[in-house]
Amino acid sequence: MRTAVHTNLLPNTEPGYAGYTCWRAIVDNTDFNLNDSFETWGTNGRFGIAPLANHQLYWFACINAPRNSETMKQFKTSRFFFTMKQHNPYPEDYVCNFKKNMLLAYQILS
């Protein structure tokens, strides 16, 4: 992302691709009642959760992938859960609660 801060601090550089795509969403925390944040790391990515105000829960999942990966652009929910199955706790317990129109996917730049 090319921001004013980046331009002023590093005028002759471009952001680089960090090597993964990240999905994130906010879901209802009423059923989970989590008060602590956590992050798990696996061989192909990371999964994390942070409780928010008003019984909401923020989650993110990052999967290692080449830049502009066609696979990531066409990622389906079932493949997402298969890819994240090594994480404990299993992300599907939290991720399945999101509204489809609230899921955001981004390539991460550094």
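Our structure's up above, just so we're on the same page.
About the thresholds
Residues numbered from 1 in each chain as written. Predicted model: local features only at pLDDT ≥ 70, side-chain atom pairs only at ≥ 80, totals over all residues. Heavy atoms only, no water. Helix = DSSP H or I, 4+ residues; strand = E, 2+ residues; numbered from the N terminus. Buried < 20%, exposed > 50% of the residue type's maximum accessible area, 1.4 Å probe, protein only. Areas by Shrake-Rupley, 256 points an atom, 1.4 Å probe, with all protein chains shown as cover. Polar contact = N/O pair within 3.5 Å; in protein donor to acceptor, adjacent residues only side chain to side chain. Contact = heavy atoms within 4.5 Å. Salt bridge = Lys/Arg side-chain N within 4 Å of Asp/Glu carboxyl O. Pairing = 2+ DSSP bridges. Core = buried A, V, L, I, M, F, W, Y, C linked by side-chain atoms within 4.5 Å. Phe/Tyr/Trp six-rings, centres within 6.5 Å; stacked < 30°, edge-to-face > 60°.

## Regarding the overall build of the protein
Broken down by element type, the protein carries four helices and five strands. Taken from the N to the C terminus, the helices and strands of the protein come in the order α-β-β-β-β-α-α-α-β. Classification of the 110 residues of the protein by burial places 32% in the buried group. Accessible surface for the protein amounts to roughly 7,200 Å². Of this, 53% is attributable to carbon and sulfur atoms.

## Topic: unusual backbone geometry
At Asn54, a position not held by glycine, the phi torsion is positive, near 60 degrees. Backbone geometry at Asn68 places phi at a positive 55 degrees, although glycine is not the residue there. As for its position among the elements, Asn68 is in the loop between β4 (56–64) and α2 (70–73).

## A few points about the side chain of Asn29
Its place among the elements puts Asn29 in the loop between β1 (17–28) and β2 (38–42). From its side chain, Asn29 meets the backbone oxygen of Leu34 in a polar contact 3.1 Å long. Not counting residues within four places of it along the chain, the set of residues in contact with Asn29 comprises Leu34, Pro51, His55, Gln56 and Leu57.

## Notes on the pattern of salt bridges
With the rule as written, the count across this model stands at one salt bridge. A salt bridge links Arg46 to Glu39; the shortest N-O distance between them is 2.6 Å. Of the residues examined, Glu39 reaches a relative accessible area of 38% and is grouped as partly exposed.

## Quick notes on the pairing of β4
Pairing geometry for β1 and β4, over nine bridges, is antiparallel. When the bridges of β4 are listed, Arg24 appears paired with Phe60. Pairing analysis gives eight bridges linking strand β3 (residues 45–52) to β4, with the strands arranged antiparallel. Counted as the bridge partner of Phe47 is Ala61 from β4.

## Structural notes on the nonpolar core
With 14 residues, the main nonpolar core has Trp23, Phe47, Trp59, Ile63 and Met72 as its most contacted residues. Listed by contribution, the elements that provide at least two residues to this core are β1, β3 and β4.

## Quick look at the packing of aromatic side chains
Scanning all chains against the criterion turns up three aromatic pairs. When the ring of Phe38 is compared with that of Phe47, the centres are 6.4 Å apart and the planes differ by 55 degrees; the resulting orientation is tilted. For Phe38, a relative accessible area of 24% translates into the label partly exposed. A residue is classified by how much of its surface remains accessible, and Phe47, at 0% relative accessible area, is buried.

Interpretation in functional terms is not warranted from these geometric data alone.
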